[in-house]
Amino acid sequence: MVRRSSTENFERIEPFRDRLQLVQADLLDTMSLISLLEDIHPREVYNLAAQSFVPTSWKQPVLTAQFDAIGVTRLLEAIRLVDRSIRFYQASSSEMFGKVREVPQTELTPFHPRSPYGVAKVYAHYITVNYRESYGIFACSGILFNHESPRRGREFVTRKVTDGVARIAAGLANELQLGNLEAKRDWGFAGDYVEAMWLMLQQPEPDDYVVATGESHSVGELVEIAFRCIGRDWRQHVVQDPALTRPAEVDHLVGDAAKARRVLGWKPKVGFAQLVTMMVDADRARYGTS
Ligand code: GDD
């Protein structure tokens with residue numbers, strides 16, 4: 001499902017466009033969701049749609065809530081009205097843990113979101129649980145920690161760094177401006193995480209799962225590994241820009257995916273250094289310098 005736009009922006013799904021049927025609807029428009037479910041009759045719905053960039057959520061908090069929180073209620077309402085047997089996956093986020101109450105975070109760790117994005121995701125998480133408990137809908141919430149790949153948008157830190165490194169290697173830039181280098185995240189490979197989403201909807205019972213690698217690394221470590229891939233010292237190129245720091249930061253995320261491992265038989269295959277190298281290589285290939 002895609003939103004209508006006068007300029008199409010399908011660059012990141014281009015490699016498999018021939019295997020996809022794209023249909024238009026909008027999370028802001030309940031009728032469009034109902035019509036779509038009636039037309040397609042899906043057995044499974046994966047809601048990955050969101051205003052997903054945390055800094056933008058301070059600039060557009062109401063729109064973020066419309067898509068990321070109320071949009072999920074609209075979709076669940078559409079499922080309830082059209083066909084309650086549709087299985088539903090909600091993309092919940094480790095940003096819900098925010099100012100973390102314990103390390104590592106599990107399905108039982110209390111939430112303390114630190115951005116309008118995180119707050120909206122907490123609402124979406126609980127409305128998913130509520131439709132499961134109220135209407136018996138097979139609704140699952142996957143609490144996914146950061147997941148990355150060469151298809152990641154350039155505004156997120158991993159891709160910003162690997163794209164920046166590739167531009168520097170190609171002689172197109174000399175400087176990379178970043179915000180907080182101390183923040184720690186549990187970064188995994190998106191391909192592994194999508195497998196966990198699918199596994200959740202194949203179980204006999206719906207439930208919520210943390211999906212994470214269990215390893216955390218700082219933005220500084222990410223930068224160091226990425227620059228090492230091109231044989232450069234990051235200190236020569238990275239400039240810290242206070243404008244890129246956030247009004248409230250999530251300092252340290254690391255997940256405990258023991259439940260996903262036990263129930264779904266899931267575990268990540270790609271490690272952190274391998275992920276960063278994969279992304280640097282893909283960006284270097286784009287600039288023709290690999
Ligand atoms: N984007 C960005 N740009 N982040 C930076 C920069 C920069 O220049 N410099 C430092 N950072 C730090 C941020 O302050 C944050 O602590 C960390 O890098 C990661 O930022 P992002 O890559 O933007 O991701 P995120 O952790 O805020 O959110 C992503 O992961 C969530 C799952 O935990 C997004 O994909 C969310 O949509 C997702 O829910």
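What counts, and at which threshold
- Each chain carries its own residue numbering, running from 1 in the direction its sequence is written.
- Residues qualify for local features only when their pLDDT is at least 70, as the model is predicted, and side-chain atom pairs are given and counted only at 80 or more; totals for whole chains, interfaces and linings, by contrast, use all residues.
- With hydrogens and water set aside, each side-chain value is computed from the structure's full complement of heavy atoms.
- Domain borders in the structure are assigned automatically or taken from a domain database.
- By definition in these notes, contact holds between two residues if any of their heavy atoms fall within 4.5 Å.
- Put simply, buried area is the surface a 1.4 Å probe can reach on two separate parts but cannot reach once they are joined, added for both.
- What counts as a salt bridge is simple: a side-chain nitrogen of Lys or Arg found within 4 Å of a carboxyl oxygen of Asp or Glu.
- Polar contact criterion, stated in full: a pair of N or O atoms within 3.5 Å, where within protein one must be able to donate a hydrogen and the other to accept it, and residues adjacent in sequence count only if both atoms are side-chain atoms.
- Put simply, DSSP marks the helices as runs of H or I at least four residues long and the strands as runs of E at least two long, and each gets a number from the N terminus on.
- Under the scheme applied here, a residue whose accessible area is under 20% of the maximum for its type counts as buried, over 50% as exposed, and between as partly exposed, the area being computed with a 1.4 Å probe on protein chains only.
- Near is defined per residue: the residue qualifies when any heavy atom it owns lies within 4 Å of the molecule or strand.
- Accessible surface is estimated by sampling points in the Shrake-Rupley manner with a 1.4 Å probe; for residues, cover comes only from the protein chains shown.
- For this classification, Asp, Glu, Lys and Arg are treated as charged, while Ala, Val, Leu, Ile, Met, Phe, Trp, Tyr, Cys and Pro are nonpolar and the rest, including Gly, are polar.

Draft legend 1. Broad picture of the domain arrangement of the chain. By domain assignment, the chain separates into domain 1 (11-147 + 186-211) and domain 2 (152-184 + 217-250 + 270-286). Taking only C-alpha atoms, the centre of domain 1 and the centre of domain 2 are 28 Å apart. Taken together, the 15 residues of domain 1 in the interface contact 20 residues of domain 2. Taken over both partners, the interface formed by domain 1 and domain 2 buries close to 1600 Å², and the fraction arising from carbon and sulfur atoms is 64%. Applying the counting rule to domain 1 against domain 2 returns zero salt bridges. At the junction of domain 1 with domain 2, the criterion picks out two residue pairs in polar contact (both at pLDDT 80 or more).

Draft legend 2. Local environment of the pattern of salt bridges. Overall, the coordinates contain 12 salt bridges when judged by the stated rule. In this structure, arginine 185 engages glutamate 95 in a salt bridge whose closest nitrogen and oxygen atoms are separated by 3.6 Å. In this pair, arginine 185 sits in strand β6 (residues 184-185) while glutamate 95 sits in the loop between β2 (87-93) and α4 (116-135), placing the two residues 90 residues apart along the sequence. With respect to burial, arginine 185 and glutamate 95 carry one shared label: buried. One salt bridge connects arginine 159 with aspartate 283, and the closest N-O pair in it is separated by 2.8 Å. Placement of arginine 159 in helix α5 (residues 157-169) and of aspartate 283 in helix α9 (residues 272-286) is noted, with a sequence separation of 124 residues between them. On the basis of relative accessibility, which here comes to 3%, the residue arginine 159 falls in the buried class. Salt bridges here are not isolated pairs; linked through shared partners, they connect Glu95, Arg185 and Glu249.

Draft legend 3. The site of the ligand, seen in detail. As a matter of local geometry, the ligand sits amid 24 residues, with Ser93, Ser94, Tyr117, Arg246 and Glu249 nearest to it. Taking serine 52, its main chain carries an N or O atom lying 2.7 Å from an oxygen atom of the ligand. A distance of 2.8 Å separates an oxygen atom of the ligand from a polar atom in the side chain of arginine 185. Look at the ligand: alone it shows 720 Å² of surface, and the protein chains cover 96% of it. Going through the elements one at a time, α5 and β5 (176-178) are the ones with two or more residues in the shell around the ligand. Residues belonging to the shell around the ligand are distributed by class as follows: 10 nonpolar, seven polar and seven charged. Counting residues domain by domain, the shell around the ligand receives three or more from each of domain 1 (11-147 + 186-211) and domain 2 (152-184 + 217-250 + 270-286).

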